[in-house]
Amino acid sequence: MSTTKTPEALLARLRRGRRFVITSHTSPDGDSVGSSLGLARLLRGLGKAAWVWFRDPLPPVFASLPGADRVHVGTAVPAGFPADFDAAIVLECPSLERTGLESSLAELPVLNIDHHLGNRLYGEVNWVDSAAPAAGEMVYRLTTELHVTWDRDSADLLYLALASDTGGFRFSNTTLAAFEAAAAMMRAGASPERVTTWLYESQPVSAVRLLGEMLPSLELHAAGSIATVVLTREMFARAGAAPGDSEGLIDHPRSIAGVVATALFKELGDGRWKISLRSRGSLDVERIAQGFGGGGHRNAAGCTLDGPLPAAQERIIAALVAAREADESHG
């Protein structure tokens with residue numbers, strides 16, 4: 001069930017609790033990182049203790065964010081876990097398994113805050129608003145209900161979350177609520193210039209080299225309406241790149257004129273491929289990802305497939321072509 005209103009049970013839990021662990025999905029992105037770090041700072045402003053715990057390291061572009069050096073990374077539990085914690089706050093995860101920490105988090109009451117349509121409502125308290133442009137915008141609404149005093153860093157972090165998930169306020173989830181939240185964050189001290197530097201102008205040279213490795217793999221399908229690219233482990237090695245260096249690379253083929261859907265195939269090893277999907281307008285890649293056991297949003301989703309690359313490409317391209325044809329027939 002989707003609801004825009006902040007549940008009273010969630011507010012009560014946060015007011016009553018003293019120590020929280022905050023997490024989000026594996027391979028954290030701008031929304032998960034910004035909303036988690038921002039919420040942690042805002043809870044500390046209420047006199048609470050808050051720790052951010054991700055299974056995977058932050059992408060290199062986020063290494064200089066306020067609080068990034070305090071993030072607990074890996075599957076080993078933080079000190080005092082679970083006895084010293086009142087609850088786990090899980091942001092933008094449709095299932096607890098998406099955290100990669102589900103066996104540990106299940107030892108605590110879970111507060112589930114998400115904007116994915118397919119959320120499984122796995123928390124003791126669930127706040128799922130599929131109309132929200134980003135988890136960061138939901139955190140903004142939550143903290144206004146809690147009457148938290150903002151500082152510049154908190155505002156910047158939530159602005160980053162919002163700008164990241166809306167593609168710099170370019171994607172279809174750029175709603176009036178997104179602009180209203182952005183304005184409130186700016187009034188609290190958020191700097192679009194600072195956030196833009198974090199998001200788009202802090203790339204390590206390895207990420208730029210990885211882009212150079214990826215671009216020759218570009219292929220167009222269905223009369224140029226679908227683009228695919230590939231990142232193999234060899235490409236990462238030649239570029240000297242880390243897994244997080246691929247963040248945002250899918251936006252390059254998406255920018256091609258006439259392309260309405262894009263798929264990036266990233267090799268994970270052991271014959272497994274992580275597929276990132278992007279689309280424009282009403283073409284729904286979330287439904288495609290769900291068909292392969294993944295999920296996401298209408299215009300940004302992902303899944304994982306086993307097997308050789310040509311077989312994975314054939315399945316995904318066929319699904320994208322079918323979705324494009326269905327979208328055109330309804331348009």
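Above this note sits the structure.
With that settled, consider unusual backbone geometry. In this model, F81 is joined to P82 through a cis peptide bond whose omega is 0°. You will see that L121, though not glycine, has its phi angle at about 55°, which is positive. Secondary-structure assignment places L121 in the loop between β5 (110–114) and β6 (125–128). The residue A222 is not glycine, and still its phi comes out positive at about 50°. For A222, a relative accessible area of 24% puts it in the partly exposed group.

With that out of the way, let us pick up the sheet that holds strand β7 (residues 219–221). Taken in spatial order, the six strands line up as β7-β8-β9-β10-β12-β11 in an open sheet, and their pairing is mixed. Either end of the sheet is taken by a strand with one partner, and the two such strands are β7 and β11 (295–296). Inspection of the sheet shows strand β10 (residues 272–279) paired to strand β12 (residues 300–306) by seven bridges, in the antiparallel sense. Counted as the bridge partner of W273 is L305 from β12. Strands β7, β8 (226–231), β9 (261–269), β10 and β12 of the sheet are contacted by helix α12 (residues 309–330), whose axis makes an angle of about 155° with β9.

A few words on the side chain of S32. Relative to the helices and strands, S32 is located in helix α2 (residues 30–45). Here D29 takes part through its backbone nitrogen, which lies 2.8 Å from a polar atom of the side chain of S32. Once you skip the residues sitting within four places of it in the chain, S32 turns out to touch S24, H25, F54 and E92.

On to the side chain of D31, then. Within the secondary structure layout, D31 lies in helix α2. Despite its burial, D31 pairs with no opposite charge, the nearest such side chain being R141 at 11 Å. In this structure the side chain of D31 is engaged in a polar contact, spanning 3.0 Å, whose partner is the backbone nitrogen of G136. Leaving out residues up to four positions away in the same chain, D31 has contacts with S36, E92, H115, A134, A135, G136, A161, S164 and D165.

Attention shifts here to the environment of F169. With respect to the helices, strands and loops of the structure, F169 is situated in the loop between α5 (152–165) and α6 (176–187). Residues F169 and P7, 162 residues apart in the sequence, show an inter-C-alpha distance of 27 Å. The residues touching F169, leaving out its near neighbours within four places in the chain, are Y159, L162, A163, T174, A178, F179 and A182.

Right, let's talk about helix α1 (residues 8–16) for a bit. Those residues of α1 not exposed but buried are L10, L11, R13 and L14. Across the axial projection of α1, the buried residues extend over an arc of 160°, all falling on one side. In α1, the exposed positions angled more than 90 degrees off the buried face are occupied by E8 and R16. Buried-residue contacts for α1 involve β1 (19–23), α2, β4 (87–91), β5, β6 and α4 (135–145).

Parameters at a glance
- Residues numbered from 1 in each chain as written.
- Predicted model: local features only at pLDDT ≥ 70, side-chain atom pairs only at ≥ 80, totals over all residues.
- Heavy atoms only, no water.
- Helix = DSSP H or I, 4+ residues; strand = E, 2+ residues; numbered from the N terminus.
- Buried < 20%, exposed > 50% of the residue type's maximum accessible area, 1.4 Å probe, protein only.
- Pairing = 2+ DSSP bridges.
- Contact = heavy atoms within 4.5 Å.
- Axes fitted to C-alpha atoms, helices over the stretch in contact; angles between N-to-C directions.
- Polar contact = N/O pair within 3.5 Å; in protein donor to acceptor, adjacent residues only side chain to side chain.
- Lys, Arg positive; Asp, Glu negative; His and termini not counted.
- Salt bridge = Lys/Arg side-chain N within 4 Å of Asp/Glu carboxyl O.
- Arc of directions from axis to C-beta.

Bear in mind that shape data such as this cannot, by itself, settle questions of function.
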